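Working through the structure, step by step
Spelled out from the first residue to the last, the chains are:
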Amino acid sequence: MATLLLQDNTLIKGESFGFKGDRIGEIVFNTSMTGYQEVISDPSYANQIVVMTYPEIGNYGLNEDDFEAFCPYLAGLIVKNCSKKESHYKAKTTLSEYLIDNKIPALQGIDTRSLVKKIRQTGAMAAFITNRDLEEDEIQQKLQELKNYRIEDNIIEKTSTKEKYIYNDSGSIDLGFIDYGTKRGILDSLAKRGAKITVYPCTTSAEEILENNHSALFLSNGPGDPSNYTYQVEQLKKMLGKLPIFGICLGYQLLALSSDAKTFKLKYGHRGGNHPVINLENNKVIITSQNHGYAVDIETLPKLIRPTYKNLNDNTLEGFEISSLSVYAVQFHPEANPGPNDARIIFDEWFNILKGKINEVANER
């Protein structure tokens, strides 16, 4: 029997179906009903043990087209049942084989409904996952490790690209893109709208980005506590007002910090493809895909920031803009992958704004 040990001393037995090994991470849950391949390959899950609430996982296998990153960064996976056979014409491997190849331990046969209720009540916490039984002395040792565990302060330096590169070498909009741990679906969404994308590592200086005279700058998603990323915030401060900027997820949080707002850790986060968000301008509700454990504190927004979206489950801020600086940001994922397509219009609207600005500059010349 395999074991899941939580920081609050809860011990859960299950069956191992992934890599035969041990990992420690922050345990969180995802409420998506489809898209487990995109979930496990999303870099925002770095050093986290993900609990899938949908009971049947692995039934359509994994294919070569739907990975969100070249390698997974999550620490472990918990499901109720992992299908022993995959059934899809695009499938190239099974979920279990992929987890073994990438050294990710996983458990099945878990009462995930009960586990998620515990996480909701107690909050996201550290957990230990192993394919082994644990003796009492090791349990006490691991509990002490869990008590002291925290995700690395600069985890984005692992999930970000190490070198600058071009993604889609032709387009009407020359877009700079800072990768904090991006999903490929975001890059695809921007490229389809006509962007030539220059992707920069998260350690790139503002000076290097500005000297390339991009039409706009995009800030990606990524893992970790945004308040740890002081270097990235300082670089963004240097670029505010110099070019249009759009941020999502971690990029949104970093833009808020660079504008002197504050962030805070949510009790158990927003992760899944069914989160209702309301547009504060027209009161239209959209269902969104989300993956974050931190939020921007609406009470700390300076006057120049205008809130644009709110989460209808807990009233946390989900979007803002600073029109005077051409800054736009949302907490959720307009590209989805996986999730509903309601929010894709947000990228369309931003590209229309950019094209209008480009035309203004051309006319001035």
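To start, this report covers the structure provided alongside it. (Residues numbered from 1 in each chain as written. Predicted model: local features only at pLDDT ≥ 70, side-chain atom pairs only at ≥ 80, totals over all residues. Heavy atoms only, no water.)

**Description of the overall build of the protein**
- Each helix and strand in the protein was counted, giving ten helices and 19 strands.
- A globule of 365 residues ought to have a C-alpha radius of gyration of about 21 Å, and the protein, at 21 Å, matches this closely.
- Along the three orthogonal principal directions, the C-alpha set of the protein runs to about 75 × 45 × 40 Å.
- Here the protein holds 365 residues, and the buried ones make up 56% of them.
- Of all intrachain contacts in the protein linking residues separated by at least 6 positions in sequence, the fraction that spans at least 24 positions is 74%.
- Within the structure as shown, the protein displays about 16000 Å² of accessible surface, and the carbon and sulfur contribution to it stands at 46%. (Helix = DSSP H or I, 4+ residues; strand = E, 2+ residues; numbered from the N terminus. Rg over C-alpha atoms; globule rule 2.2 N^0.38 Å. Buried < 20%, exposed > 50% of the residue type's maximum accessible area, 1.4 Å probe, protein only. Contact = heavy atoms within 4.5 Å. Areas by Shrake-Rupley, 256 points an atom, 1.4 Å probe, with all protein chains shown as cover.)

**Details of a nonpolar patch on the surface**
- On the surface, a nonpolar cluster with roughly 210 Å² of combined accessible area is contributed by V285, I287 and L312.
- Mapped onto the elements of the fold, V285 is located in strand 16 (residues 285–296). (Patch = residues over 30% accessible without salt bridge, like charges linked within 9 Å, V, L, I, M, F, W, Y side chains within 5 Å. Salt bridge = Lys/Arg side-chain N within 4 Å of Asp/Glu carboxyl O.)

**So, the sheet that holds strand 1 (residues 2–6)**
- If you trace the seven strands once around the closed barrel, you get 1-2-8-6-4-3-9, paired in mixed fashion. Neighbour-to-neighbour, the strand axes of this sheet turn through a mean angle of 35°, independent of strand direction.
- Packing against the sheet, helix 4 (residues 136–148) makes contact with strand 1, strand 2 (11–16), strand 3 (22–30) and strand 9 (125–130), and its axis sits at approximately 45° to strand 1. (Pairing = 2+ DSSP bridges. Axes fitted to C-alpha atoms, helices over the stretch in contact; angles between N-to-C directions.)

**Overview of the pairing of strand 15 (residues 263–279)**
- In terms of residue burial, strand 15 counts as a mostly covered element, since twelve of its 17 residues are buried.
- In this antiparallel pair of consecutive strands, strand 15 and strand 16, the connection spans five residues, and N283 shows a positive phi of 60°.
- As paired strands, strand 15 and strand 17 (residues 306–311) are joined by three bridges and run antiparallel to one another. Opposite N279, over in strand 17, you have Y309 as the bridge partner.

**Considerations on the nonpolar core**
- The biggest cluster of nonpolar side chains holds 34 residues, and the ones touching the most others in it are Y180, M239, I245 and F320.
- Residue contributions to this core peak at six residues, all from helix 9 (residues 250–258).
- Within the second largest apolar cluster, 26 residues are counted, among which are L175, F177, I197 and F351. (Core = buried A, V, L, I, M, F, W, Y, C linked by side-chain atoms within 4.5 Å.)

**Let's talk about the pattern of salt bridges**
- Scanning the entire structure with this criterion turns up 16 salt bridges.
- Residues D65 and K90 are paired through a salt bridge, measuring 3.1 Å at the closest nitrogen-oxygen approach. Highlighted residues: D65 in the loop between strand 5 (56–57) and strand 6 (76–78) and K90 in the loop between strand 7 (81–82) and helix 2 (95–101), separated in sequence by 25 residues.
- Judged by relative accessible area, D65 falls into the partly exposed class, the value being 46%.
- For K90, a relative accessible area of 24% corresponds to the partly exposed category.
- A salt bridge links E138 to R132; the shortest N-O distance between them is 2.8 Å.

**With respect to unusual backbone geometry**
- That bond from N337 to P338 is cis: its omega, 0°, falls within 30 degrees of zero.
- Turning to its location among the elements, P338 is positioned in the loop between strand 19 (327–330) and helix 10 (345–364).
- The phi dihedral of N9 is positive, around 85°, even though this residue is not glycine.
- By the secondary structure assignment, N9 is in the loop between strand 1 and strand 2.
- A relative accessible area of 47% places N9 in the partly exposed class.
- With phi around 65°, N47 is a residue other than glycine that occupies positive phi space.
- One can find N47 in the loop between helix 1 (36–40) and strand 4 (48–52).
- In this structure N47 comes out as buried when scored by relative accessible area, which is 14%.

**Brief notes about the sheet that holds strand 12 (residues 195–201)**
- On the basis of which strands lie adjacent, the open sheet formed by ten strands has the order 10-12-11-13-14-19-18-17-15-16 and mixed pairing. Looking at strand neighbours, the two that pair on one side only are strand 10 (165–167) and strand 16, the edges of this open sheet. The mean angle between the axes of side-by-side strands here comes to 25°, regardless of whether they run parallel or antiparallel.
- In this sheet, strand 19 lies alongside strand 18 (residues 317–322) in antiparallel orientation, the contact comprising four bridges. Within strand 19, the position partnered with E321 by the bridge is Y328.

Limitation: the analysis is restricted to geometry and does not speak to function.
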